Amino acid sequence: MESKEKILASLNILKRLPPTQMQKNVSAIANLIPDQAEELYQRIDKPLSLKTDDQGQAFIQSEFNRDGDSYRSPNDNRYYPELQDALFPSEQLRKLEIKANIVFAEYLKLYYEGGHSNCYFWDQDNGFASAWLVRKDVTGAKNVKEGSWSSINVIDVRREDKKWKYKLTTSVVLDMKLEEKFVGSFDLAGSLVKTKEETVIIPDKVDIDLFHLEKIGSLIEEQESQIRSNLDTLYVGKTKDVVFATRYFQGEKQYQQQRQALAGEFKQKYN
């Protein structure tokens, strides 16, 4: 079997396994295909986790700041554990990374009211790429024992003549353990991915770093807003309907009443 076929087969298997056991299942499959393990880890969206640097500051560890078994902190630009011959962003890109982390921290306060955010940048031909990450623990919410929200925004920025092309891929990984008096305990987990591309002409005599940050920020803001709306109305809402209808002792009766009420409203409106 070719390398690409092994990766696709592994991804298809993982889609059919419980999201709450993603880390365990990925490790098990990676042991079966050691030559493709690195690529497999990069292709999987899993809940983000935190690590602490020597300054006592937490930072998000992910595939985007990993080199071997070490992770780079955006706070001091060092790897933990320490690593020889590690990969670092160029000096100019590191300055942009620092600015991005400051801006994204304000975005976190505005939209998440807590949690942790980090941005990681790396060089590539004719441009750069970056990952804008958010880890938010869910505690104290009604019927939620524990949970987490991981938002992963990866953007590829490339220059094409006088134009700049932005390609954004946003993934959200939701993992919650719920408990309700009449329904019981159950897990709600899954992920959603959206992509978007946009090409723009940057005006002359403009601060290019500021332009990139503003453009990337607006793309992420719009994309995450759409995903939050979709998760709430399509995924979480549908799951609640299914659980309500199958596990609540009065669920079927009330479910039918809701359907009849909606049918009546539809007839009144369109007849």
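Residues numbered from 1 in each chain as written. Predicted model: local features only at pLDDT ≥ 70, side-chain atom pairs only at ≥ 80, totals over all residues. Heavy atoms only, no water.

Chemist: Just checking my understanding: could you explain the overall build of the protein for this structure?
Modeler: What the protein contains, in helices and strands, is 6 helices and 10 strands. In the protein, the proportion of contacts linking residues at least 24 apart, taken out of those at least 6 apart, comes to 49%. Accessible surface computed for the protein: about 16700 Å², of which carbon and sulfur atoms make up 49%. (Helix = DSSP H or I, 4+ residues; strand = E, 2+ residues; numbered from the N terminus. Contact = heavy atoms within 4.5 Å. Areas by Shrake-Rupley, 256 points an atom, 1.4 Å probe, with all protein chains shown as cover.)

Chemist: Explain the side chain of Arg66 here, please?
Modeler: Within the element layout of this structure, Arg66 appears in strand 3 (residues 66–67). Overall, the relative accessible area of 19% leaves Arg66 in the buried class. Within the structure, the side chain of Arg66 is placed 2.8 Å from the side chain of Glu38, a separation counted as a polar contact. Side-chain polar atoms of Arg66 contact the side chain of Glu63, separated by 2.8 Å. Not counting residues within four places of it along the chain, the set of residues in contact with Arg66 comprises Glu38, Tyr41 and Tyr71. (Buried < 20%, exposed > 50% of the residue type's maximum accessible area, 1.4 Å probe, protein only. Polar contact = N/O pair within 3.5 Å; in protein donor to acceptor, adjacent residues only side chain to side chain.)

Chemist: What is the right way to look at the sheet that holds strand 5 (residues 79–80) in this model?
Modeler: Hydrogen bonds along the backbone pair up the strands of a sheet, which may run parallel or antiparallel. Sheet architecture is open: 3 strands sit in the order 3-4-5, paired in antiparallel fashion. Edge positions in the open sheet fall to strand 3 and strand 5, since each of these has one partner strand only. With 2 bridges connecting them, strand 4 (residues 70–72) and strand 5 associate as antiparallel partners. In the strand pairing of strand 5, Arg72 is matched with Tyr79. (Pairing = 2+ DSSP bridges.)

Chemist: Which parts of the structure should I look at to understand unusual backbone geometry?
Modeler: A negative phi holds for most residues other than glycine; trans holds for most peptide bonds. Residues Tyr80 and Pro81 are joined by a peptide bond in cis, for which omega reads -10 degrees. Positive phi values are uncommon outside glycine, yet Glu113 reaches one of about 50 degrees. Mapped onto the fold, Glu113 is located in the loop between helix 4 (91–111) and strand 6 (116–124). Phi at Asn126 is positive, roughly 60 degrees, even though this residue is not glycine. For Asn126, the position within the fold is in the loop between strand 6 and strand 7 (127–138).

Chemist: Is there a simple way to explain the pattern of salt bridges in this structure?
Modeler: Enumeration over the complete set of coordinates arrives at 14 salt bridges. Between Arg66 and Glu63 there is a salt bridge, with its nearest N and O atoms 2.8 Å apart. Assessed through its relative accessible area of 19%, Glu63 is described here as buried. Across the salt bridge formed by Asp209 and Lys99, the nearest N and O atoms sit 3.8 Å from each other. With Asp209 in helix 5 (residues 208–247) and Lys99 in helix 4, this pair connects stretches of sequence that are 110 residues apart. (Salt bridge = Lys/Arg side-chain N within 4 Å of Asp/Glu carboxyl O.)

Chemist: Explain the nonpolar core to me, please; I cannot follow it from the model alone.
Modeler: Residues Phe121, Trp132, Ile155, Tyr166 and Ile216 are the most contacted members of the largest nonpolar core, which totals 35 residues. The set of elements that each furnish at least two residues to this core consists of helix 4, strand 6, strand 7, strand 8 (144–160), strand 9 (163–180), strand 10 (184–201) and helix 5. Counting residues in hydrophobic clusters, the runner-up holds 12 residues, among them Ile29, Ala30, Ala37 and Leu40. (Core = buried A, V, L, I, M, F, W, Y, C linked by side-chain atoms within 4.5 Å.)

Chemist: Looking at this structure, I do not really get the packing of helix 1 (residues 3–15) against helix 2 (residues 22–32). What am I missing?
Modeler: With their axes 11 Å apart at the nearest point, helix 1 and helix 2 run at an angle of 150 degrees to one another. Between helix 1 and helix 2, the interaxial angle falls into the category roughly antiparallel. Regarding helix 1 and helix 2, the two cross each other, and that crossing is right-handed. Contacts between helix 1 and helix 2 pair Ser10, Ile13 and Leu14 from the former with Met22, Asn25, Val26 and Ile29 from the latter. Residues of the contact of helix 1 with helix 2, tallied by class, amount to 5 nonpolar, 2 polar and no charged. (Axes fitted to C-alpha atoms, helices over the stretch in contact; angles between N-to-C directions. Parallel < 35°, antiparallel > 145°, perpendicular 65-115°, else oblique. Left-handed = near helix turned anticlockwise from the far one by under 90°. Nonpolar A, V, L, I, M, F, W, Y, C, P; charged D, E, K, R; others polar.)

Chemist: Even after reading the chapter, I still don't get the sheet that holds strand 10, so can you show me in this structure?
Modeler: On the basis of which strands lie adjacent, the open sheet formed by 5 strands has the order 6-7-8-9-10 and antiparallel pairing. Two strands bound the open sheet, and with one partner strand each, they are strand 6 and strand 10. Recorded for the sheet is a direction-independent mean angle of 10 degrees between the axes of neighbouring strands. Bridge count between strand 7 and strand 8: 12 bridges; the pairing is antiparallel. Looking across to strand 8, one finds that Phe128 is bridged to Val157. Those strands touched by helix 4 are strand 6 and strand 7, and its axis lies near 155 degrees from that of strand 6.

Chemist: Please explain the packing of aromatic side chains as it appears in this structure.
Modeler: Going through the model one piece at a time under the given rule, you end up with 10 aromatic pairs. A centroid spacing of 6.1 Å and a plane angle of 40 degrees characterise the contact between Phe59 and Tyr80, whose relative ring orientation is tilted. On the criterion of sequence distance, the pair formed by Phe59 in strand 2 (residues 58–61) and Tyr80 in strand 5 is long-range, its members being 21 residues apart. Each member of the pair, Phe59 as well as Tyr80, is classed as buried. (Phe/Tyr/Trp six-rings, centres within 6.5 Å; stacked < 30°, edge-to-face > 60°.)

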